[in-house]
Amino acid sequence: MNDENNRAFQEIVIPDWPPKPREMGITMVADWGFGLNRQKDLIETSGYFVDLAKIVVAISRVMPREALARKIQLYRENRIEPFPGGQFLEIAILQKRVKEYCRGARAVGYEAIEVSDNAITLTSGEKKDVIRQAIDSGLRVIGEVGKKVSTTDMGELIADIKNTLEAGSWKVFVEAKEIFGEGLNEDLIKQLADAVDISKLIFEIPLVSVQEVHHFQCYKMWMWLLETFGPEVNIANVEYDDPMKLATLRLGIGPDTTLKQGAFCRSLSGEFSKK
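The text that follows walks through the structure, step by step, so that each part is easy to find. None of the values given here were measured: they were computed from a predicted structure.

## Quick look at the side chain of glutamate 144
Mapped onto the secondary structure, glutamate 144 falls in strand S5 (residues 140-145). Notably, glutamate 144 is buried but unbridged: the nearest opposite-charge side chain belongs to lysine 54, and the N-O separation is 4.6 Å. If sequence neighbours within four positions are ignored, glutamate 144 has contacts with Glu114, Val115, Ser116, Asp117, Asn118, Lys127, Val172, Phe173, Glu175 and Glu204.

The structure is reproduced here in structure tokens:
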């Protein structure tokens, strides 16, 4: 860890966690317009483990401009990439104001946006055009695939991911409602991981406040992803109080001790024992 000297108990060995900017092990938190004090608390305690912060839905439109600009600046100063929720851009697409949206994002301090079609329908060409407009405006794009109101055919989902990446997106979110219905759709996730470079995918976990899931269900989904793909799997929609909890699971230091690459299992095998 690049800030290891700032941590206590340095004599006790735990796995290293790659420094920012990361291509894997990405954690995205959902920001519902929280005030600067709460944001500073998150950064002070868990900021090292947070890579992305989504200012969800169209909160960027209703929050006072100066407050939003300060939030964005504070994230960026601490190497956390903020971006507005994709549904806000979908409104701009319906209004035929994509250029104005990109210009407004840059003006308030955003350097990345999400391009999705969760609630609208775009052809592959239309989606590619929106992504390229954003990139031409100087913005980094994080794409998203999947729908909020229905499930998508597997072939269409894979084609959408590939199209979104070909257009220039840095990563692609997989919509939570595509991978979690009655339960976690493990087969779908495995098929996506087989079809696409998993480092390019960020799996959304359902938001407790949106999909009526319980925290323990989110916890079980984290664990399945970590056990199936390893501690560096990319995970999105982490509730604002939870990034440190996820970090302890990634590192294998509790509350679950079963991750083979984690500190507990590697200590149990003698790998981390004092010579």
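And the narrative resumes.
## Considering the sheet that holds strand S8 (residues 235-238)
As summarised here, the arrangement of the eight strands in space is S3-S2-S1-S8-S7-S6-S5-S4, forming an open sheet in which the pairing is parallel. Only two strands of the sheet have a single neighbouring strand rather than two, namely strand S3 (81-84) and strand S4 (112-115). On average, each strand axis in the sheet is inclined to that of its neighbour by 25°, with strand direction left out of account. Note that S5 and strand S6 (residues 171-174) share four bridges and pair parallel. Bridge assignment links glutamate 144 to a residue of S6, and that residue is phenylalanine 173.

## Thoughts on the environment of serine 137
As for its placement among the helices and strands, serine 137 is situated in the loop between helix H6 (124-136) and S5. Given a relative accessible area of 30%, serine 137 falls into the partly exposed group. Sequence spacing of serine 137 and tryptophan 224 is 87 residues, and the spatial spacing of their C-alpha atoms is 38 Å. In this view, serine 137 contacts Cys102 and Arg106; residues no more than four positions away in its chain are not counted. At 2.9 Å, the side chain of serine 137 forms a polar contact with the backbone oxygen of glutamine 133.

Rules of the game
Residues numbered from 1 in each chain as written. Predicted model: local features only at pLDDT ≥ 70, side-chain atom pairs only at ≥ 80, totals over all residues. Heavy atoms only, no water. Helix = DSSP H or I, 4+ residues; strand = E, 2+ residues; numbered from the N terminus. Buried < 20%, exposed > 50% of the residue type's maximum accessible area, 1.4 Å probe, protein only. Lys, Arg positive; Asp, Glu negative; His and termini not counted. Salt bridge = Lys/Arg side-chain N within 4 Å of Asp/Glu carboxyl O. Contact = heavy atoms within 4.5 Å. Pairing = 2+ DSSP bridges. Axes fitted to C-alpha atoms, helices over the stretch in contact; angles between N-to-C directions. Polar contact = N/O pair within 3.5 Å; in protein donor to acceptor, adjacent residues only side chain to side chain.

Geometry only, nothing functional implied.
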